[in-house]
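What follows is the residue order along each chain.
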Amino acid sequence: MKNLGLYITLLLVLTGCSLSKKLPEGKTIYSGGSVKVVGEASKKDKDNLEVDMEAVLAPRTNSMVLGFPYKVWLYYNIGEPKKPKGLRNFLRNKVGQKPVFYEVGYPKINRANLVNVAENNGYFKSTASSESVTKKYKTKVEYEVNLAPQYFIKEVSIDTLGLQVFGKDAKAISEGTVLKEGKPYNLDELIAERQRLSNVLQEKGYFYMSPSQFVLEVDTNLNSNLLTIKTKLSPDYSSAAVDKYYIREINVLSSAKQGDKEVKTSFKNLERSGLSIAENDKSYKPKVFTESIIFRQGELYSRSKQEASLNRLSNLKNFQYIRNRYEPHRTADSTYLDVNYFLTPLKKKSLKGQLSGLTKSNGLYGSEANVSWQNRNVFHGAEILKFEVNGGIDLQFGQIEYGNNYRRLSVAGDLTFPRFLIPFIKQRTKVSSGVPKTNINISYEILRRKDFYTLASSNAAFSYFWRKNTEYEHTLTPVYFSLIKASNFSENFVNQILFSENLSDLERYFQILENKLLLGLEYNLIYTPKVLQSSRDRVSFNFGFDVSGNVASLIAKKPEEGDGGYRQIFGVPYEQFAKFDFEGKYFKTIGKTTWANRLFTGFGIPYKNSIMLPQTKQYFSGGSNGLRGFRGRSLGPGTTAPEDISQELFGANSQGDIKLELNSELRFKASSYIELAAFIDAGNIWTYRDDTFYGEKAKFTADFVKDLAVDVGVGLRLDFTYLVLRGDFAIPVRKPWLDDPWVFDKISFDQKVWRQNNLIFNLAIAHPF
């Protein structure tokens, strides 16, 4: 490993020397700049300012890896193409990159930009200095910004006399302002305040209101670095901006072509809603538009209703283009708007085929072919009907002698209604950007393990989906059904089970042999709080619960002799459990580096008919999206050792009712295509009861922290915008089944046996979380 580092260093030195010889005389490559902020400010404020200031440095540098401009090196070594097209031309101009040379004028421009950033944050009269440092063929500029004392807001007021044109609505202007006494001056907050003022008044009918209609006067003529801010109507404000507009007509043309500019048809008015639909439009039922368009005749114009209507029409996924035009009308005492919607439908029917490769977190690799047929507006209510046929092959290598070879074939039907289907309850159209949806899904899947057995799964679900706003996304499945049956056990497979010395193989066989029936309810909530989102921070939460068997227990017959004490429906034992999930994600981005974090916890409670969660609902650990230092399904439950659950015929198949997992990862964008990562993962799975096949060591207890496994690793990702190809190397550093679980002292990269058992490579698509 030491020699490898030496070789890489030597290679960079040699390529750097060859590059410097190709540069024009007197020219050096601009390698960017660094900013150091000094003065009276907290460390946090200085760090944030340095990030903001480095973001405005110009120009952008060439792409580099470990400080080496590899694209420039490629540009020069490819040479001048002899033809305007061809491979050499592509490599030089598309893959390679022209050098960005250092110019003496860069520091002056950037010093002004840095001072501007400081003043935008209230540090008026700050200064900036710079020093250019040239090493070999590269020049970097080091900047130092000396902050002057920061200005704070002493008083915020409004020009009540000038704002009298808004009448009673003027009161709303002062409510909800982000400008507060005692806060530091910030230009972005002043810009946001003007936008807020415009939004507030647009919500109250002022259609032509805009941020430019307001002026925020800042007076810094005070001692002790204090200032005042006064909100005033611009002296050049538009007279139309202070008029309230009411909705007069709402016209919908649902068969418009992309180039249509005028409504050249007669309209049929829907009296209850005030909407008018083109008489020659017969494709859509009127309720499609009365449910999607929030505006009603005679009410005030509202910005939120405008945005919600456009978003709801878009979420129908029936229209290729959606255009909106307002026509003002003025009478002696009022102003009105005619609202026109021009909708260009998508093709009603479509057929799509897809062939793809895949990787799964359980260590399976394979390919699949998919053919789907879709019919939009199938019942003239913007419904979407979809049929899909999917076939694939999954292979598993490296864990067992035989390898797992699965063949999958599935058929699914999916029908989505853009509304709630709830009997006897009339739904009201509310102001929200999301269209409520009802989904009916039916599917049948055959999973065949070559020369072993076949699993057939019949599934059905009835679900509701709705989104109140961009923060909350709900999915409720009041009923789902799943029936799993095994068949076609080969004689060879049964003989291997009967003569296997591994009890895990026998336990897995009995799990497959038993038919499974699930009849339950699911709910999921995705919460993305606005207050926790920023240019640097992203936070999201996912909550879910799943309950199965309660309804089944009401209609099931009492167990008869020979049923093993299990209650049944249709002659099949049903599963009974309650399952709760929580997942939280936090991403912090500073420059080219992102710190990504994930917490997942799941808690399943099997009872009565179920000893453990059914296999389709169980948790597992390890693999490319979990603890990457452990092979898929090889970790846990509890302190169970991998050799205790390793199966000669099935491979690793650890299962649990409870899961805890924490992941933390640093991602560095080395170039537009290359991302480097370093990560640490921790977690495990457990059983809820101690009378399972795994025994007491797998049961969840108050000392669960002692059962946590830990791994560390590094990764390389190739980002092709629409596809991220990921390779991660990881090693375990804590093995909970050992008496001394921390294994740092046993790390031996130079030993082949250690590498085979501990160095895990995961190849996957997309980020792990």
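Residues numbered from 1 in each chain as written. Predicted model: local features only at pLDDT ≥ 70, side-chain atom pairs only at ≥ 80, totals over all residues. Heavy atoms only, no water.

Trainee: Is there a simple way to think about the sheet that holds strand β4 (residues 152–158) in this case?
Mentor: In sheet architecture, strand pairing relies on hydrogen bonds along the backbone and comes in two forms, parallel and antiparallel. Taken together, three strands build an open sheet; the order of strands is β4-β6-β5 and the sheet is mixed. The open sheet terminates on both sides in strands that have one partner only, identified here as β4 and β5 (214–219). Averaged over all adjacent pairs, the angle separating strand axes in this sheet is 20 degrees, with direction ignored. Pairing analysis gives six bridges linking β4 to strand β6 (residues 226–233), with the strands arranged parallel. Each residue of the ladder has a partner; that of Ile153, found in β6, is Leu227. Contacts from helix α6 (residues 187–203) reach β5 and β6 within the one sheet, and its direction differs from that of β5 by about 145 degrees. (Pairing = 2+ DSSP bridges. Helix = DSSP H or I, 4+ residues; strand = E, 2+ residues; numbered from the N terminus. Axes fitted to C-alpha atoms, helices over the stretch in contact; angles between N-to-C directions. Contact = heavy atoms within 4.5 Å.)

Trainee: Just checking my understanding: could you explain the pattern of salt bridges for this structure?
Mentor: For the structure shown, the criterion picks out 35 salt bridges. Asp537 serves as the salt-bridge partner of Lys588, at 3.3 Å between the closest nitrogen and oxygen. Note that Lys588 is positioned in strand β23 (residues 577–590) and Asp537 in strand β20 (residues 537–548), a separation of 51 residues in sequence. Connected through salt bridges with shared partners, the residues Arg628, Glu665, Arg667, Glu675, Asp681, Arg717, Arg726 and Asp728 form a single ionic network. (Salt bridge = Lys/Arg side-chain N within 4 Å of Asp/Glu carboxyl O.)

Trainee: Looking at this model, I keep getting lost on the packing of helix α3 (residues 70–78) against helix α4 (residues 87–95). Mind explaining?
Mentor: The description of two packed helices rests on the angle between their axes and on the distance between the axes. Where α3 contacts α4, the two axes come as close as 8 Å, and the packing angle between them is 150 degrees. It follows that α3 is roughly antiparallel to α4 by the angle criterion. The two elements α3 and α4 cross, and the hand of that crossing is left-handed. Packed against α3, whose contacting residues are Lys71, Leu74, Tyr75 and Ile78, the element α4 presents Arg88, Leu91, Arg92, Asn93 and Val95 at the interface. (Parallel < 35°, antiparallel > 145°, perpendicular 65-115°, else oblique. Left-handed = near helix turned anticlockwise from the far one by under 90°.)

Trainee: In this structure, what is going on with the nonpolar core? I would like to understand it.
Mentor: Soluble globular proteins tend to pack their nonpolar side chains together in the buried interior. Ranked by internal contacts, the top residues of the largest apolar core, which has 25 residues, are Val252, Phe289, Ile293, Phe295 and Tyr341. Broken down by secondary-structure element, the contributors of at least two residues to this core are β7 (245–253), β9 (275–278), α7 (287–292), β10 (319–330) and β11 (335–345). Excluding residues that lie within four positions of it along the chain, Ile293 makes contacts with Ile250, Val252, Leu275, Ser309, Leu313 and Tyr341. Among the nonpolar cores identified, the runner-up in size contains 17 residues, and Val37, Tyr106, Tyr143 and Val145 belong to it. (Core = buried A, V, L, I, M, F, W, Y, C linked by side-chain atoms within 4.5 Å. Buried < 20%, exposed > 50% of the residue type's maximum accessible area, 1.4 Å probe, protein only.)

Trainee: Is there a simple way to explain the packing of aromatic side chains in this structure?
Mentor: When we look at a pair of aromatic rings, we describe it by the centre distance and by the angle of the planes. The full count for this structure, using the stated rule, is 42 aromatic pairs. On the numbers, 5.6 Å between centres and 80 degrees between planes, the contact of Tyr75 with Tyr76 is edge-to-face. Assigned by exposure class, Tyr75 and Tyr76 land together as buried. Ring geometry for Tyr301 versus Tyr326: centroids 5.9 Å apart, planes at 90 degrees, classification edge-to-face. Taken together, the residues span a long stretch of sequence, with Tyr301 in the loop between α7 and α8 (303–315) and Tyr326 in strand β10 at a distance of 25 residues. The rings of Phe207, Tyr208, Tyr245, Phe295, Tyr301 and Tyr326 are connected pair by pair, giving a single aromatic cluster. In this structure, Lys617 packs its charged tip against the face of Tyr480, placed 4.7 Å from the ring centre. (Phe/Tyr/Trp six-rings, centres within 6.5 Å; stacked < 30°, edge-to-face > 60°. Lys NZ or Arg CZ within 6 Å of the ring centre and 35° of its normal.)

Trainee: Looking at this structure, I do not really get helix α2 (residues 43–55). What am I missing?
Mentor: Side chains three or four residues apart in an α-helix point the same way, a direct result of the helix having 3.6 residues per turn. Taking 1.5 Å per residue, 13 residues should reach 18 Å; α2 reaches 19 Å between its end C-alpha atoms and fits that length. Of the residues making up α2, those classed as buried are Leu49, Glu50 and Met53. The buried residues of α2 occupy an angular sector of 105 degrees when the element is viewed end-on, so they sit on one face. With respect to the buried face of α2, the exposed residues turned more than 90 degrees away are Lys44 and Ala55. (Expected span 1.5 Å × (residues − 1). Arc of directions from axis to C-beta.)

Trainee: Would you explain unusual backbone geometry in this entry?
Mentor: Across the chain, the bulk of peptide bonds are trans and the bulk of non-glycine residues have phi less than zero. A cis amide bond links Ala58 with the next residue in sequence, Pro59, at an omega value of -5 degrees. Here the bond from Gly636 into Pro637 is cis, since omega is 0 degrees, no more than 30 degrees from zero. Phi at Lys317 is positive, roughly 55 degrees, even though this residue is not glycine. Look at Lys317 and you get partly exposed, because its relative accessible area is 48%.

Trainee: Mind showing me how you'd approach α6 here?
Mentor: Counted at 1.5 Å a residue, the expected span for α6 with its 17 residues is 24 Å, and the 25 Å between its end C-alpha atoms agrees. Within α6, burial applies to Leu190, Glu193, Arg196, Leu197, Ser198, Leu201 and Gln202. Its buried side turned inward, α6 meets β5, β6 and α8. Two or three places before Asp188, at the opening of α6, Asn186 has a side-chain oxygen 2.9 Å from that residue's backbone nitrogen. At the exit of α6 stands Gly205, carrying a positive phi of roughly 105 degrees. (Polar contact = N/O pair within 3.5 Å; in protein donor to acceptor, adjacent residues only side chain to side chain.)

Trainee: Would you mind showing me how to read the sheet that holds strand β1 (residues 29–39) here?
Mentor: Pairing is mixed in the open sheet, where three strands are placed in the order β1-β3-β2. Unpaired on one side and paired on the other, β1 and β2 (127–135) mark the two borders of the sheet. Averaged over all pairs of adjacent strands, the angle between their axes in this sheet comes to 20 degrees, without regard to strand direction. Across nine bridges, the pairing between β2 and strand β3 (residues 138–147) is antiparallel. In the strand pairing of β3, Thr127 is matched with Asn146. Against the sheet, α2 contacts β1 and β3, and its axis sits at roughly 150 degrees relative to β1. Along the sheet, helix α5 (residues 106–120) contacts β1, β2 and β3; its crossing angle with β3, the most-contacted strand, is approximately 30 degrees.

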